[in-house]
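# Per-entry structural report
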Amino acid sequence: MSGTLNKVMLIGHLGDEVKMHYFEGGGSIGRFPIATNESYTNKQTGERVTNTDWHNIVVRNKAAEICEKYLSKGDKIYVEGRLKNRQWQGEDGNTRYTTEVHVQDFTFLSTKKESMANAQATGQPSQTAQSSKPAQPVQHNEPTRPAEPTPSVEPDDDDLPF
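Residues numbered from 1 in each chain as written. Predicted model: local features only at pLDDT ≥ 70, side-chain atom pairs only at ≥ 80, totals over all residues. Heavy atoms only, no water.

A few words on the overall build of the chain. The helix and strand tally for the chain stands at three helices and seven strands. Secondary structure elements of the chain occur, N-terminal to C-terminal, as β-β-β-β-α-β-β-α-α-β. Classification of the 162 residues of the chain by burial places 29% in the buried group. Accessible surface for the chain amounts to roughly 12100 Å². Of this, 49% is attributable to carbon and sulfur atoms. (Helix = DSSP H or I, 4+ residues; strand = E, 2+ residues; numbered from the N terminus. Buried < 20%, exposed > 50% of the residue type's maximum accessible area, 1.4 Å probe, protein only. Areas by Shrake-Rupley, 256 points an atom, 1.4 Å probe, with all protein chains shown as cover.)

Okay, here's the thing in structure tokens:
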């Protein structure tokens, strides 16, 4: 196989609010960290150990605006994208490096705003609402394509094989 693959899929929780930057040409970029956890039991001590990894997420244009509008710290999200490495000169003159996930597709798995709205509608405190059923997933694919019309075909009873 002569091709290469650069694909990342993550499910995690936002570690901070979406930070937006707008450009003169009308474009925008949003950045936020996602935490993913790995849990296991230490065989020597029998203790449950959880390790957290942090990932720098980058979304662009309309997707960034959607994330800014609906996501907040603690929300659970699925992201799919590509790894990109970046370097720059720090204020101290040292070269800095970072690895980012540039998002191509994402799905909201739960949002605090929806959980709080559900809690207010049912009269429950917001803490219980977060542990109740997750919010309906909101999915965004970029680029979006219009749905193809499905033809309306009436089955002919004579052509059925049974």
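There is more to say after this.
Bringing the packing of aromatic side chains into the picture now. For the coordinates displayed, the defined rule picks out two aromatic pairs. Relative to F108, the ring of Y70 lies with its centre 6.2 Å away and its plane at 50°, an arrangement referred to as tilted. A residue pair is termed long-range when its members are at least 10 positions apart, and Y70 in helix α1 (residues 61–70) and F108 in strand β6 (residues 95–110) qualify at 38 residues. In textbook terms, an aromatic cluster arises when at least three aromatic residues are bridged by ring pairs, as seen for Y70, F106 and F108. (Phe/Tyr/Trp six-rings, centres within 6.5 Å; stacked < 30°, edge-to-face > 60°.)

Moving on to the environment of L10. Relative to the helices and strands, L10 resides in strand β1 (residues 8–14). For L10 and H55, which are 45 residues apart along the polypeptide, the C-alpha to C-alpha distance reads 9.0 Å. Sequence-distant contacts of L10, defined by excluding residues within four places in its chain, comprise T36, H55, I57, I77, Y78, V79 and V101. (Contact = heavy atoms within 4.5 Å.)

Okay, the pattern of salt bridges next. Scanning all chains against the criterion turns up five salt bridges. One salt bridge in this structure joins K7 and E80, with 3.1 Å as the shortest N-O distance. In this pair, K7 is assigned in the segment before β1 and E80 in strand β5 (residues 76–89), connecting sequence segments 73 residues apart. Looking at E80, the relative accessible area reads 16%, which means it is buried. The shortest N-O distance in the salt bridge between D16 and K19 comes to 3.1 Å. Each of R31, R86 and E100 takes part in salt bridges that share partners, so that together they form one network. (Salt bridge = Lys/Arg side-chain N within 4 Å of Asp/Glu carboxyl O.)

Considering the arrangement of structural elements, one finds I11 in strand β1. Considered as a pair, I11 and T36 are 25 residues apart in the sequence and their alpha carbons are 6.8 Å apart. The contact partners of I11, leaving out residues within four places of it in the chain, are T36, K76, I77, Y78 and L109.

This brings us to α1. Note that an α-helix has 3.6 residues per turn; residues three or four places apart therefore point the same way. Looking only at α1, the buried set comprises A63, A64 and C67. All buried residues of α1 lie within an arc of 100° about the axis, which places them on one face of the element. Of the residues in α1, the exposed ones pointing more than 90 degrees away from the buried face are K62 and K69. (Arc of directions from axis to C-beta.)

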